[in-house]
Amino acid sequence: MVYRILSTCLLSWLSLSVAQAQEIAPRYEDDPFRQLEELLPTPNDVRAASGAPGHRYWQQRADYDIKVRLLEDRHALVGEETITYYNRSPMPLSYLWVQLDQNRFRPDSIDRNSRVAPNFDQFYYKQLGELLIREDFQGGHQITRVADAEGADLDHAIIGTMLRIDLPQALAPGGKTSFQIGWTYQIVDAKRIRTRGGYEYFEEDKNTIYEIAQWFPRMVAYTDVNGWQNKQFIRRGEFTLEFGDYRVAITAPEDHIVASTGVLQNPEEVLTEEQRERLKKAAEATVPQFIVTPEEAKENEKEKATGEKTWVFEAENVRDFAWASSRKFIWDAVKHRTHGNDVWAMSYFPNEGEPLWSKYSTHAIMHTLDVYSKFTFPYPYPVAISVNGPVGGMEYPMICFNGPRPEKDGTYTKRTKYGLITVIIHEVGHNYFPMIVNSDERQWTWIDEGINSFLQFLAEREWEPDYPSRRGPARNMVPYMVSTDQVPIMTNSESILQFGHNAYGKPATALNILRETIMGRELFDFAFKEFSRRWMFKRPEPGDFFRTMEDASSVDLDWFWRGWFYTTNHVDLAIEGVRLLDLDTLDPDIEKAEDKAARDLEPEDITEERNSDLKKRTERFPELVDFYNHYDPLDVTVKDREEAKRLLEALNDDERALLKTQRLFYAIDFRNVGGLVMPILLKIKYENGSEEFLRLPAEIWRSNSQKISKLILAKDRIKSLQLDPQWETADADVENNHWPSRPVKSRFRLFKDKIKNPMREAREEKDKAKEEEEPEKEASKEDA
Amino acid sequence: MRRFLKLAGIALVFVVSAPPQAWGHPHHVSVGMADWIEETQSIEMALNVSVIDLEEVLSKRQKRALELDGKSKEIEKVLQKYFLSCFRIERADKVAIVPKWIGYEIEDDAAWIYLEIPFGRPSMKGCKIYHGVLIQEFEEQVNLLHVKRGKQRKTLKFRKRDPWQKLPAWH
């Protein structure tokens, strides 16, 4: 009985501002907290429920022995390889698939034939040039031979970018087989056709830089989830491959410098004595040393040697192999000790890259290794290389290609400088994802690009304060998140809309929010490192990532993966209203007096007011007045007091003490406008000047994902509330984040204010004058 | 074929080598806020456009490397000319409205462009807007414009194949 009273009438409501919106009862399928198991594959002995490789985890292995010759006069490659393929799957294989990525450049490729018409209103020479070149260019792998280890021809068929080899006899589980492939292909002019590897010809000195990638017939991945990777190479979905050991002999013009995946096996045959001496010095140095100086490279450009040299490289446990070659290369190197391992950090670039490249490239490599190793595992390879050539940015094991260069006069913009550092961090970072944690980019771009963009952001922030990061800060993602032209992150690589935002920016932002706001750094970093280590040199699927992050943190993040990775909803939480609830004292002398006071505050009825001068009938005939003309239900009666006394006596001592609570009961109503459930980050300011910051977990939305109320027991009156005051959650509309509601000035108005603000202008002028002074000071310091 | 080439010939522009961006594809999305202001019967517009894309396009047009520094008056003129050429606004009575250039600023990798469109009518009813920022240059360019009047909101989407959109007929 008592409890009924407590719950029904002890609280009287004082509504401060309530915007009643239509209730939509959440349906089951809309529950953002339902478990992800219904979407993820069932765990098995290859992939465990914890997100770790299962106790019967397997993956294939392929070793390569390659001899290749670079023909500079024809821009062509001629190669011969022996592949040794190990079947570690439980299935017999009657045929093997090999990838021929250069076939993307054949005139009849899916890539070329599935392109839609360009826009003819404004049509650039470059576009026309690429079209015409693609029309005539006889690109693609020309396969000259497919034979078994003894040299007998093997039956085979070429289907688009894939080559099928029919084995005379199925390769049994646990077995291995060797076979040989011979090929040649025309190298792509990378300045005219967008590509991940190709050549750049310099008209002025008639020299060429070659960046050679996706160049040899490579084993298609055969996996427990897809069988043979059956997606043709179209353009965007890069690749996944098998790990193995490589021995590659590269024959190039005698005066070329070759940069490559792996460790050089014959320095005494290809390097001068002086270069070998400089390498010895660089092994002891802490900053990059020239192995080939800018002057030497310039000198080397002048003449072309007629002879050839063969550079032999070996690489262990890599999933691919790439290289670069030119007589234009300057080469700098330093042996960098990072997290217990010695790594050769090296850069190769032409004089056109100076002075930017010798200043930043190798430093950026070292920095990337330091930061990424901290968050994942120590870099396990002996080499990390950055090469400047025609490719804007592309990653391979131990080596990557990066495009930015200064202007011809050696000056460069701020954007070029940070563009270069950023792309080097990104591409060197790809060594970790997907070169070592071998996810399948032909299926899922985000898993390596998104994770890598996230780590890139962490590395940028450790490079210098206020580094101009593009991807990572939550609020930078808002415009994309509210756009309609998008697909979920969990979309196959070739079908993604708004590629950069979808596969790079949004997952990077999501992981950053997970780290800073939802899990906290300690918990996130532990779980993330666990994922990296579990899947080092193995092939994770998206589910393995989601599962490991939960397994290692003991936090159910299914709602987060579901919202951020499987939907296109955005974040927009709103404060909808605030209600102040008063505790009923049960004392009629207090309560009725309060009610009377409240009634006095009500406005006078308009008719009553206008009739005030009118002589009423009861005034003319006082005999019409009786008891009810004086009766006020808010007058305290004896009965009221007796009833109150009875109620009080029914309460026990504890309950009577509770009645005297000096707290204000605030019910704050929140609405989820954007659809994504997120923690509620609430800043409360009280009238006494104190402040409080509440972090309410996302689970607050589990009973109703659209509208909830939170009870705050306040000691003082609340003056104002603000949601997400530090812009942590990518909340799209900050106008509904305030109580009392506060119009947020539009960007337009802020800008207009700014340009009208003479004080700020004056201050900026002053700052500018100061800035101009300072470089001079710096310069004079250097002189001294 | 001949017609096509001739047509193309008019617009052929000199070649600038745009780096391929395998590592981080360009944005190709601009997002704008367009607020209807009752007192002035105009739209106040703030557009967020990728600086990298803008620099690439304007450098081609200017035939020199251009850097948006957010300060230089000369760059502002180039931007002003470009952006005013990207918009066409037509009122219900077929009168063309010319937007007013307010200014621009640079924030990280975004350029913010401020324009004002005076309608001289109490509503946008029957008005059409062409938003051609970067849509000639980038095949995938999408321009989003969040239009707002009081509590009413609507997002317009402009692409190469549908660059004209009707403004909402709100009151």
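The model shown is predicted, which means the values in this text are computed figures rather than measured ones.

A.B. asks: What is the right way to look at the overall build of chain B in this model?
C.D. replies: For chain B, the count of helices and strands is three helices and ten strands. Along chain B, helices and strands appear, N-terminal first, in the series α-β-β-α-α-β-β-β-β-β-β-β-β. Here chain B holds 171 residues, and the buried ones make up 57% of them. When the accessible area of chain B is evaluated, it comes to approximately 8,100 Å², of which 54% is carbon and sulfur surface.

A.B. asks: Would you mind going over the side chain of Glu395 of chain A with me for this structure?
C.D. replies: Residues and elements named next belong to chain A. Among the secondary structure elements, Glu395 is positioned in strand β23 (residues 393-396). The side chain of Glu395 sits in the buried core without any salt bridge; Arg319 is the nearest counter-charge, 6.2 Å away. Of note is the side chain of Glu395, whose polar atom sits 3.4 Å from the side chain of His430.

A.B. asks: Would you take a moment to explain the pairing of strand β19 (residues 323-326) of chain A for this structure?
C.D. replies: Remember that side chains alternate between the two faces of the sheet whenever the strand is regular. Residues and elements named next belong to chain A. Alternating positions in β19 separate into two faces, Trp323 and Ser325 on one and Ala324 and Ser326 on the other, with burial throughout. Direction of pairing for strand β10 (residues 207-212) relative to β19: antiparallel, over a ladder of three bridges. Opposite Ile212, over in β19, you have Trp323 as the bridge partner. As judged from the four bridges shared by strand β15 (residues 257-260) and β19, these two strands associate in the antiparallel manner.

A.B. asks: Please explain the environment of Lys752 of chain A as it appears in this structure.
C.D. replies: One can find Lys752 of chain A in helix α21 (residues 747-756). For the pair formed by Lys752 of chain A and Thr568 of chain A, sequence separation is 184 residues and the distance between their alpha carbons is 34 Å. Sequence-distant contacts of Lys752 of chain A, defined by excluding residues within four places in its chain, comprise Ile102 and Glu116 of chain B. Side chain to side chain, Lys752 of chain A and Glu116 of chain B meet in a polar contact 3.4 Å long.

A.B. asks: Just to check I follow, could you spell out the environment of Phe243 of chain A for this structure?
C.D. replies: All names here are of chain A. Structurally, Phe243 is set in the loop between β13 (227-228) and β14 (244-253). Note on Phe243: relative accessible area 4%, which makes it buried. Considering only alpha carbons, one finds Phe243 and Asp605, 362 residues apart in sequence, at a separation of 85 Å.

A.B. asks: I keep staring at the pairing of strand β2 (residues 61-71) of chain A and nothing clicks. Help me out?
C.D. replies: Residue and element names in this part refer to chain A. Examined bridge by bridge, β2 and strand β3 (residues 76-86) share eleven bridges and lie antiparallel to one another. Looking at β3, one finds that Arg69 is bridged to Val78. Hairpin connection of β2 to β3: four residues between the antiparallel strands, including His75 at a positive phi of 50 degrees.

A.B. asks: Got a minute to help me understand the domain arrangement of chain A in this structure?
C.D. replies: Many descriptions give the size of an interface as the accessible area lost when the pieces come together. All names here are of chain A. Along its sequence, chain A is carved into domain 1 (1-19 + 444-594 + 632-744), domain 2 (61-443) and domain 3 (749-783). Computed over C-alpha atoms only, the centres of domain 1 and domain 2 are separated by 47 Å. On the side of domain 2, 46 residues touch domain 1, which itself brings 39 residues to the contact. Around 3,700 Å² of area is buried between domain 1 and domain 2 when both sides are counted, 59% of it from carbon and sulfur atoms. Ranking the residues of domain 1 by area buried against domain 2 places Trp463, Phe537 and Arg539 at the top, with a combined share of 22%.

So, how was this worked out
- The written sequence of each chain sets the order in which its residues are numbered from 1.
- Chain A is the first chain written and ligand 1 is the first ligand written, with later ones labelled in order.
- This being a predicted model, a pLDDT of at least 70 is required before a residue's local features are given, and a value of 80 or more before pairs of side-chain atoms are given or counted; all residues contribute to the totals for chains, interfaces and linings.
- The side-chain numbers reported here are obtained from all heavy atoms of the structure, hydrogens and water having been left aside.
- Every helix listed is a DSSP run of H or I at least four residues long, and every strand listed is a run of E at least two residues long, numbered separately from the N terminus.
- Burial here depends on accessible area, computed with a 1.4 Å probe over protein chains only, as a share of the maximum for the residue type. Under 20% is buried, over 50% is exposed, and the range in between is partly exposed.
- Residue exposure ignores everything except the shown protein chains as possible cover, and the areas themselves are Shrake-Rupley values with a 1.4 Å probe.
- Counting rule applied: Lys, Arg positive; Asp, Glu negative; His and chain ends not counted.
- Just to be clear on terms, a salt bridge is a Lys or Arg side-chain nitrogen sitting within 4 Å of an Asp or Glu carboxyl oxygen.
- Any N or O atom pair separated by 3.5 Å or less is treated as a polar contact, with the protein-specific requirement of one donor-capable and one acceptor-capable atom, and with residues adjacent in sequence counted only for side-chain atom pairs.
- When DSSP finds two or more bridges between a pair of strands, those strands are recorded as paired.
- Whether two residues are in contact is decided by their heavy atoms: any pair within 4.5 Å suffices.
- For the domains described, the bounds stem from an automatic or database domain assignment.
- Joining two parts hides part of their accessible area as seen by a 1.4 Å probe, and the buried area is that hidden amount summed over both.

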